[in-house]
Amino acid sequence: MGLTKNSCRLLLDVGGTFLKSAVADASGQLLPGSEFSCPIRSEGSRAEIEGSLSTVVAKGAAFAAERGMALAGIGIAIPGPFDYAAGISRMTHKFRSICGVDLRGVLHAMPGVPADADIRFMQDVNAALAGEIARGNAAGYGASALVSLGTGLGFALSRDGRVLCNPAGGPKVVIFDLPYRDGILEDYASKRGFLRIYEELTGRTDPALTVADLGRMAGEGDAHARETFATVGGILAATLRDLLVEHGIECLLLGGQISRSFAHMEAALRDGLRDVAGLTRIAPAEHIGEAAFYGLLAQAENGR
């Protein structure tokens, strides 16, 4: 279905615990009041996962119908491995119950979704970088990179303003499994990494502690929390340096919810990357919560 003045797109950002959505009008603007979030269990059954998708689609379709708008398409940002062209998940480490399922077909069968609705899929970190290139802090740079800090560790690259993908549509380069100390980089630069480093610094274990707590504590002057963020900033600089040089990266962004605490990592990150020629910008994503939505819109607008 082509876009008309009265049509809209439903945008979905699939995380491991929450599914976010928003509706954009024909001009690509996110409509006020359309953003919605519901739980999704990556370890849940197929019925549970499809139920979460159905809830969000129903909410978006109802939002559009109430305003007399036609749902022309759906864009879904979702992690991989995934066959993004076919709309089929290949994940076995999470969302395993929908591995091999034709999600495009599942979505087309949902009430409120027109038979000719354009349904596209995009890797979530790639979508976030594409969004920042289109409307955020990577705009105007020939070569950019985005590190996504959250439950896992994501990475995306661009060249000549286009996100680099592997043949399946996933990131061209991955960093989560780079060897680091006694494990991999994701063990030290993700949710579990922040908590692990803080526990090592304090000698205390608190199962209720979150990285958001650490960010708040760092802001309040907690020395161990501040050292935790600085340590991760240093780890990222040391492990990314050669990769940034190899790809001639001019703009490095941090995305994901943990990047809201960028200020506490900034000094260590800048110090570790100070001699990377050509790297002129190190910053958080401008649209931490919406970058993937903007990337999905850019994908649809470019017809990819």
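Residues numbered from 1 in each chain as written. Predicted model: local features only at pLDDT ≥ 70, side-chain atom pairs only at ≥ 80, totals over all residues. Heavy atoms only, no water.

K.L.:
For this particular structure, what's the right way to read the sheet that holds strand 4 (residues 70–78)?
P.N.:
Strands pair in a sheet through their backbones, by hydrogen bonds, and they do so in one of two ways: parallel or antiparallel. Spatially, 5 strands are ordered 3-2-1-4-7 in an open sheet, and the strand pairing comes out mixed. Two strands bound the open sheet, and with one partner strand each, they are strand 3 (36–39) and strand 7 (118–123). Pairs of neighbouring strands in the sheet enclose a mean axial angle of 20°, with direction left out of account. Sheet topology places strand 4 next to strand 7; 6 bridges connect them, and they run parallel. Residue Ile76 lies in a different strand from strand 7, and its bridge partner there is Phe121. In the packing of helix 3 (residues 124–135) onto the sheet, contacts are made with strand 1 (7–14), strand 4 and strand 7, and the angle to strand 7 comes to roughly 95°. (Pairing = 2+ DSSP bridges. Helix = DSSP H or I, 4+ residues; strand = E, 2+ residues; numbered from the N terminus. Axes fitted to C-alpha atoms, helices over the stretch in contact; angles between N-to-C directions. Contact = heavy atoms within 4.5 Å.)

K.L.:
What am I meant to see in the pairing of strand 8 (residues 144–149) here?
P.N.:
Strand residues, when the strand is regular, have side chains that alternate between the two faces of the sheet. When you tally the buried positions in strand 8, you get 6 out of 6 residues, the bulk of the element. Note: strand 8 against strand 13 (residues 251–255), 5 bridges, orientation parallel. In the sheet register, Ala145 faces strand 13, and the bridge partner there is Leu252. Bridge analysis of strand 8 against strand 9 (residues 153–159) gives 5 bridges, and the strand direction is antiparallel. Paired with Ser148 across the bridge in strand 9 is Gly154. The turn linking strand 8 back onto strand 9 is made up of 3 residues. (Buried < 20%, exposed > 50% of the residue type's maximum accessible area, 1.4 Å probe, protein only.)

K.L.:
Teacher, can you tell me more about the packing of helix 5 (residues 211–219) against helix 6 (residues 223–246) here?
P.N.:
A pair of packed helices can be characterised by two numbers: the angle between their axes and the separation between those axes. For the pair helix 5 and helix 6, interaxial distance at closest approach is 7 Å and the crossing angle is 115°. One way to sum up the angle between helix 5 and helix 6 is to call them roughly perpendicular. Handedness of the crossing formed by helix 5 with helix 6: left-handed. Within the contact between the two elements, helix 5 uses Val211, Leu214, Gly215, Met217, Ala218 and Gly219 and helix 6 uses Ala225, Arg226, Thr228 and Phe229. (Parallel < 35°, antiparallel > 145°, perpendicular 65-115°, else oblique. Left-handed = near helix turned anticlockwise from the far one by under 90°.)

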